[in-house]
Structure formats: structure tokens, C-alpha cells
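# Understanding the architecture of this molecule
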Amino acid sequence: MRLAILTDIHANLPALEAVLADVEAADVDDVWCLGDVVGYGADPDECTKVVAERCSLCLVGNHDLAVLDALDISTFSPAASAAVRWTQGVVSGETLAFLRSLEPADESREVGLYHASPRDPIWEYVLWPDQATECIRVQSSRVSLIGHSHVALFFVLSDRAPNQDADARGAQAGAGTSLDLGEGRWLVNPGSVGQPRDGDPRAAWLELDTDGWTATYNRVDYDIDRAAESILATDLPEHLARRLYVGQ
């Protein structure tokens, strides 16, 4: 099966629309989302409606849970906290009902799916090989997908490692990076649709082929001005608009 994997949309409708147009052109079999549909951006209802219609599977992320009042936001940054409060004030009942129906992990598939990590599906940012190694050793499947960090990257633990205590190898993945997932145990992050933090402001998505066990990283230009202007037209922090231009 050829899958489009999206994550961390964060209420950025122009980015989501651009990614889904690219996905449609790729003619994949299905679309999955790893969570954080809302938060930070200005279009939570619109993005949730599109995800509900276009994605056959969606996880719940920490920002989604925060909007539901299902977790403590005391550790959120000031901008993130402000975005949660703003979203709570404008979001529809339909959006809340959809988010409430979701779980942060799904281990019932051929690949393991987690919003944040196999060890902690809600909070853990997996950015370093030692973290990834521990996660890979507890994940449910040989290949797992994560989001949350907004960084397109991957980690692999070889089946042939002479030292069983060795850490996984990992790297950030630029546009067009292709992975052969046929051997080893993998932890793969597609990068963020709506708020990339890896220095590339383009919206990110991953094409995963579970028949050939390959993955390809994709980046898509979108109308950042439109997304930024939507934020600036609200009471959301201005910083959330500016950061879209630099991918940080």
C-alpha cells in the first residue's frame, strides 16, 4: 500500500491544501495523520474538517489534547499557551468532537503510529540517536512513524549491529530523500505540514510504500503570506506568523 503520512498541521489551512494537492497528484492509496491538527494557526475548524474528510486515520496530538482541556499546559511556551486559549475560544463543537474521538497511538497496523514516540505518545521529542534507540527497542512494529518535533528525520537500528548496545543511526531528511526500509528497525518522522522547524519553511509530507518498504520525503511550497495574514488578523501572537517564513 502507498500511503501519504501527514503530521503537525497546526491549523495552517494553506499548507494543508498544498500538501493534499501534492498527495492527490502522487495518487497514493490512503492518507494518515499523526496528530496536532490544531494549535498555533488560525484555521482550526477548517483544517479539522479537511482531515476528517481526507484522512482515513488520525491520531490526537498534545496540542489537540490541550484544546480539549485534557492535559496541563503549564509547560507550554507562552505562544503555545496563548494559541491553545485562542483556539478554545473559537473552535466548533464538531471539531472538539472529532478530536475527542482520537487516540495518541495506534499499534494495530503494519507500522507503529505514535504522535510523539513509542515510549511516550504524547510528550517525548525524539531528536537524538540515544533516545531513538530506546524507542525503537520498545516500539510495536519494525517500522514506526512519529511526529511532534516538526523535524523531518529518521533513525535506524541495524539487525546486523555487532554490538547490541550500539545506538541507532539517524539524520535529518531533506526534500527527495528516499529510504530503503527493507532491513533494520526504523523510526521515521515526516516533518510538519503547518509549522516546520528544520529550516525549510515548505510544508512536509512522507510517502510510505509498505509493499516495497520504501519512504520518500516531500516538501511543498505554499502561500505563507496567506497563512501569516490569517494569524495576524486574530489575537494570536505575531511570532506565530513570522516563524512560518523561516521554518523554525
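The following refers to the structure shown. Keep in mind the model is a prediction, meaning the values are calculated, not measured.

What counts, and where the lines are drawn
Here the residue index of a chain counts from 1 through its sequence in written order. Owing to the predicted nature of the model, reporting of local features is limited to residues with pLDDT of at least 70; listing and counting of side-chain atom pairs is limited to 80 or more, with chain, interface and lining totals taken over all residues. As a rule here, side-chain values come from all non-hydrogen atoms in the structure, and water together with hydrogens is ignored. Strands here are runs of E lasting at least two residues and helices are runs of H or I lasting at least four, both read from the DSSP assignment and numbered beginning at the N terminus. Here the globule rule is a power law, 2.2 Å times the number of residues to the power 0.38, and the radius of gyration is based on C-alpha atoms. Any residue under 20% of the maximum accessible area for its type is buried, any over 50% is exposed, and the rest in between are partly exposed; the area is computed with a 1.4 Å probe on protein chains only. The contact criterion used throughout is that any non-hydrogen atoms of two residues lie within 4.5 Å. Only the protein chains shown count as cover for residues, with accessible areas throughout obtained via the Shrake-Rupley method and a probe of 1.4 Å. Asp and Glu are treated as the negative residues and Lys and Arg as the positive ones, with His and the ends of the chain left uncounted. For this purpose, a charge sits on NZ of Lys, CZ of Arg, CG of Asp or CD of Glu. Only centres within 6.5 Å qualify two rings of Phe, Tyr or Trp (six-membered ring in Trp) as a pair; their planes then separate them into stacked at under 30 degrees, edge-to-face at over 60, and tilted for everything else. Cation placement over rings: the criterion is NZ of Lys or CZ of Arg within 6 Å of the ring centroid and within 35° of the ring normal. Here, a strand pair is defined by DSSP locating no fewer than two bridges between the strands. Points on a 1 Å grid over protein atoms alone make up a cavity when a 1.4 Å probe fits among them but cannot get out, and a pocket when they form an open set with protein on both sides within 12 Å along at least five of seven lines; lining residues each have an atom within 4 Å of a point. Grid points are joined across faces, edges and corners, and a volume is the space filled by probe spheres set on the points. Residues are grouped as follows: Ala, Val, Leu, Ile, Met, Phe, Trp, Tyr, Cys and Pro are nonpolar; Asp, Glu, Lys and Arg are charged; all remaining types, including Gly, are polar.

### A closer look at the overall build of the chain
Regarding its fold elements, the chain presents eight helices and twelve strands. Taken against the 2.2 N^0.38 rule, which gives 18 Å for 248 residues, the C-alpha radius of gyration of the chain at 17 Å falls within 12% of a compact globule. Along the first, second and third principal axes, the C-alpha set of the chain runs to 55 × 40 × 30 Å. Looking at the chain as a whole, 57% of its 248 residues qualify as buried. Nonlocal contacts in the chain, meaning residues at least 24 apart in sequence, comprise 73% of its contacts between residues at least 6 apart. A total accessible area of about 10,200 Å² is found for the chain, and carbon and sulfur atoms account for 47% of it. For the chain, the distance from the average site of its 18 positive side-chain charges to the average site of its 40 negative ones is 3 Å.

### Concerning unusual backbone geometry
Residues other than glycine seldom take positive phi values, yet D8 does so here, at roughly 50 degrees. Although it is not a glycine, D36 adopts a positive phi angle of roughly 55 degrees. Of note, D36 is situated in the loop between β2 (30-33) and α2 (44-54). A relative accessible area of 1% places D36 in the buried class.

### What to know about the packing of aromatic side chains
This structure, assessed with the given rule, holds two aromatic pairs. Summarising the aromatic geometry, the rings of F76 and W123 are spaced 5.8 Å apart at their centres and angled 80 degrees between planes, so their arrangement reads as edge-to-face. Within this pair, whereas F76 is found in the loop between α3 (62-67) and α4 (78-90), its partner W123 is found in the loop between β5 (112-114) and α6 (129-138), the two being separated by 47 residues in sequence. Its relative accessible area of 10% is what places F76 among the buried residues. Summarising the aromatic geometry, the rings of F154 and W186 are spaced 6.0 Å apart at their centres and angled 40 degrees between planes, so their arrangement reads as tilted. With F154 in strand β7 (residues 153-157) and W186 in strand β10 (residues 185-189), this pair connects stretches of sequence that are 32 residues apart. A single burial state applies to F154 and to W186, both of which are buried. The aromatic ring of W32 is capped on one face by R109, whose charged end is 5.6 Å from the ring centroid. Just above the ring of Y40 sits the side chain of R243; from NZ or CZ to the centre is 6.0 Å.

### Digging into the sheet that holds strand β3 (residues 57-58)
In spatial order, the strands read β3-β2-β1-β11-β12-β9; together these six strands make up an open sheet with mixed pairing. Of all strands in the sheet, those with a lone pairing partner are β3 and β9 (178-180), marking the two edges. Sheet topology note: the β2/β3 ladder contains two bridges and is parallel. Among the inter-strand pairings, C33 is bridged to a residue of β3, identified as C58.

### Describing α6
Within α6 the residues assigned to the buried category are Q131, A132, T133, C135 and I136. Buried residues along α6 sit against β7 and β10.

### Some thoughts on empty space enclosed by the protein
Regions of empty space are outlined by a rolling probe, equal in size to a water molecule, passed over the atoms. Tallying each qualifying case throughout the model produces one cavity of 30 Å³ or more. Its boundaries defined by the atoms lining it, the largest cavity holds a volume of some 90 Å³. If you list the elements that add at least two residues to the lining of the largest cavity, you get α1 (13-26) and α7 (224-232). Per-class residue counts for the lining of the largest cavity are nine nonpolar, five polar and one charged.

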